[in-house]
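Breakdown of the fold
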Amino acid sequence: MQGITLCCIKTIAHPVSRYFTRNIVSLVKPAQSLGTVSESCKRKTDSFIKLFRTRLCISAVTHQDADILTEKEKRLLNNLYTGLIRGQRACLAEAITLVESTHSRKREMAQVLLHMVLSHHREQEKLNSGKPLAFRVGLSGPPGAGKSTFIEIFGKMLTEEGHKVAVLAVDPSSSTSGGSLLGDKTRMTELSRDMNAYIRPSPTRGTLGGVTRTTNEAILLCEGSGYNIILVETVGVGQSEFAVADMVDMFVLLLPPAGGDELQGIKRGIVEMADLVAVTKADGDLLIPARKIQAEYVSALKLLRKRSRTWKPQVMRISARTGEGIQELWNKLLEFQSNMLTSGELIGKRRSQQRVWMWNLIQENVLLYFRNHPAVKDQIPVLEERVRTGTLSPGLAADMLLKAFSKSS
Ligand SMILES: Nc1nc2c(ncn2[C@@H]2O[C@H](COP(=O)(O)OP(=O)(O)OP(=O)(O)O)[C@@H](O)[C@H]2O)c(=O)[nH]1
């Protein structure tokens, strides 16, 4: 950094140097036009500034957190961070593993890394005129709706268009089934081999709160690593969709052309959250049922409360088998993104999501603290059993535990 400053001072009289120096010194944003400076010079200077900012952000964080990290940990984090923002997949994978860790020291390190990535992110967004760097899309649907087949085709289409696509999963059910259902690489063989795609299965342990925390953090890490389209997949039958809707810019519901019984598991609340409904498998014999479902949902959505000032949820038909409707669906997604950006709703949504995220973290940690507190830990299974067998009311049991907890703290 000293070298940079010296070089700036020495050559300050030259117009290129003036442009360079002004930007290095201000570190606010590159100058828009400087008649005497060529475009290639500006580009080189801007990329230098980017590098400079990145360095600055590493050293700022290492100073701030010097007291909590050992030299070895700092080196490890710096290497991870540098590799991550250069787009190295191994570093991204390692960084996500770090945020998924339940080990307390590793969680502290993960928070430092996230802080570094967030600072980098903010700088990159400034360079992007304040616009978000990535488009976050939630994809949900009942088991067998055709989610993985769709993501495989859709993801390939996007990478061929030059995008970098990350697929993340929210699947707390994996904690009971012992393995992850979603984001499984074997379900998306082509996409998992694509160098511009990154597929991350859901962590195999954890509560919904824990899984959503790590997914939120994984989104940030993927964006820091240059992925500009983040697909967050979840099974549309539980609470996880509500959590996903709080992490993404747009929520897409995939529905199979099936009868009422198969769709009964879909909660009304989930349909209410959808910015777009896509009826899948609209091909061959399934085309007619797909049209029927489409018409039903067009009517149903009309009755729902409007969630956006500028966007009316729509229903489309797609087929991952024939490719029909996939490009149209992408165009709709882009239309949504552009509408929400222009109206300012997207930025507002992201800001309130940050708040929700903070409260989710507090909720998760407070609950964990409560459950493990010595004043209640041993009582919990006993009282739970009494509630289960009906000898104690849930309200009284909760009161007893809360009283024991508050007396001891
Ligand atoms: N005809 C037709 N079948 C499809 C299409 N997309 C998926 N399928 C079939 O639907 C079945 C389920 O597809 P998946 O992509 O595994 O569905 P999923 O929603 O990921 O299912 P889970 O892994 O259980 O969550 C498979 O047998 C697919 O071959 C399509 O566009 N047309």
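Quantities reported herein were computed from a predicted structural model and do not represent experimental measurements.

Near the ligand lie 15 residues; those nearest to it are Ser148, Thr149, Arg187, Asp283 and Ala320. In this structure, Gly146 approaches the ligand through a main-chain N or O atom, which is 2.9 Å from an oxygen atom. Looking at the shell around the ligand residue by residue, the classes come out as five nonpolar, five polar and five charged.

Where burial is concerned, the two faces of strand β6 (residues 276-279) agree: the one with Leu276 and Ala278 and the one with Val277 and Val279 are both buried. Two strands pair when backbone bridges link them, and strand β5 (residues 250-255) and β6 are joined in this way by four bridges, in the parallel orientation. Within β6, the residue paired with Leu253 across the bridge is Val277. Pairing between β6 and strand β7 (residues 314-317): four bridges, direction parallel. Directly across from Val279, in β7, lies its bridge partner Arg317. Taking the sense of rotation as the criterion, the β-α-β connection linking β6, helix α14 (residues 287-303) and β7 turns out right-handed.

As summarised here, the arrangement of the seven strands in space is β3-β2-β4-β1-β5-β6-β7, forming an open sheet in which the pairing is parallel. Single-partner strands in this sheet number two, and they are β3 (197-200) and β7. Strand-to-strand twist in this sheet, taken as the mean axis angle between neighbours without regard to direction, amounts to 20°. Sheet analysis places strand β2 (residues 165-170) next to β3, joined by four bridges and oriented parallel. From the neighbouring strand, Val165 faces β3, where its bridge partner is Ala197. Along the sheet face, α14 touches β5, β6 and β7 and points at about 175° away from the line of β7. Against the sheet, helix α15 (residues 326-343) makes contact with β1 (135-141), β4 (229-235), β5, β6 and β7, and its axis sits at roughly 125° relative to β1, the strand it touches most.

On to the domain arrangement of the protein chain, then. What the domain assignment lists for the protein chain is domain 1 (2-127), domain 2 (135-351) and domain 3 (373-408). Contacts between domain 1 and domain 2 engage 23 residues on the former and 21 residues on the latter. A buried area of about 1800 Å², summed over both sides, lies between domain 1 and domain 2, and 59% of it is on carbon and sulfur atoms. Per-residue buried area on domain 1 facing domain 2 is highest for Arg89, Leu92 and Glu100; these three make up 34% of the total on that side.

This part is about the layout of surface pockets. In this structure, the second largest pocket spans a volume of roughly 500 Å³. Lining of the second largest pocket is provided by 26 residues; of these, Glu125, Arg136, Arg350, Arg351 and Gln354 occupy positions nearest its centre. At the level of secondary structure, the elements contributing two or more residues to the lining of the second largest pocket comprise α6 (104-127), α10 (208-224) and α16 (345-372). Tallied by class, residues from the lining of the second largest pocket come to ten nonpolar, eight polar and eight charged. Summarising the domain contributions, the lining of the second largest pocket has at least three residues from each of domain 1 (2-127) and domain 2 (135-351).

Turning next to the packing of aromatic side chains. Tallied over the entire structure, the rule returns seven aromatic pairs. When the centroid spacing of 5.9 Å and the interplanar angle of 70° are considered together, the rings of Phe154 and Trp330 count as edge-to-face. Separated by 176 residues along the polypeptide, Phe154 in helix α7 (residues 147-160) and Trp330 in helix α15 bring together distant segments of the chain. The pair Phe154 / Trp330 is uniform in exposure class, with both members buried. Each ring, one from Trp311 and one from Phe336, has its centre 5.2 Å from the other, and the planes form 90°; the classification is edge-to-face. With Trp311 in the loop between α14 and β7 and Phe336 in helix α15, the pair connects residues that are 25 residues apart, well separated along the chain. For Trp311, a relative accessible area of 2% puts it in the buried group. Judged by relative accessible area, Phe336 falls into the buried class, the value being 1%. What links up through ring pairs into an aromatic cluster is the set Phe135, Phe150, Phe154 and Trp330. We note Lys164 situated over the ring of Tyr227; from NZ or CZ to the ring centre the distance is 4.4 Å.

The rules behind the values
- Residues numbered from 1 in each chain as written.
- Predicted model: local features only at pLDDT ≥ 70, side-chain atom pairs only at ≥ 80, totals over all residues.
- Heavy atoms only, no water.
- Near = heavy atom within 4 Å.
- Polar contact = N/O pair within 3.5 Å; in protein donor to acceptor, adjacent residues only side chain to side chain.
- Nonpolar A, V, L, I, M, F, W, Y, C, P; charged D, E, K, R; others polar.
- Buried < 20%, exposed > 50% of the residue type's maximum accessible area, 1.4 Å probe, protein only.
- Helix = DSSP H or I, 4+ residues; strand = E, 2+ residues; numbered from the N terminus.
- Pairing = 2+ DSSP bridges.
- Right-handed = clockwise from strand over helix to strand, strands pointing away.
- Axes fitted to C-alpha atoms, helices over the stretch in contact; angles between N-to-C directions.
- Contact = heavy atoms within 4.5 Å.
- Domains from an automatic or database assignment.
- Buried area = accessible area lost by both parts, 1.4 Å probe.
- 1 Å grid on protein atoms, 1.4 Å probe; cavity = no way out; pocket = protein on both sides within 12 Å on 5 of 7 lines; lining within 4 Å.
- Points joined across faces, edges and corners; volume = space filled by probe spheres on them.
- Phe/Tyr/Trp six-rings, centres within 6.5 Å; stacked < 30°, edge-to-face > 60°.
- Lys NZ or Arg CZ within 6 Å of the ring centre and 35° of its normal.

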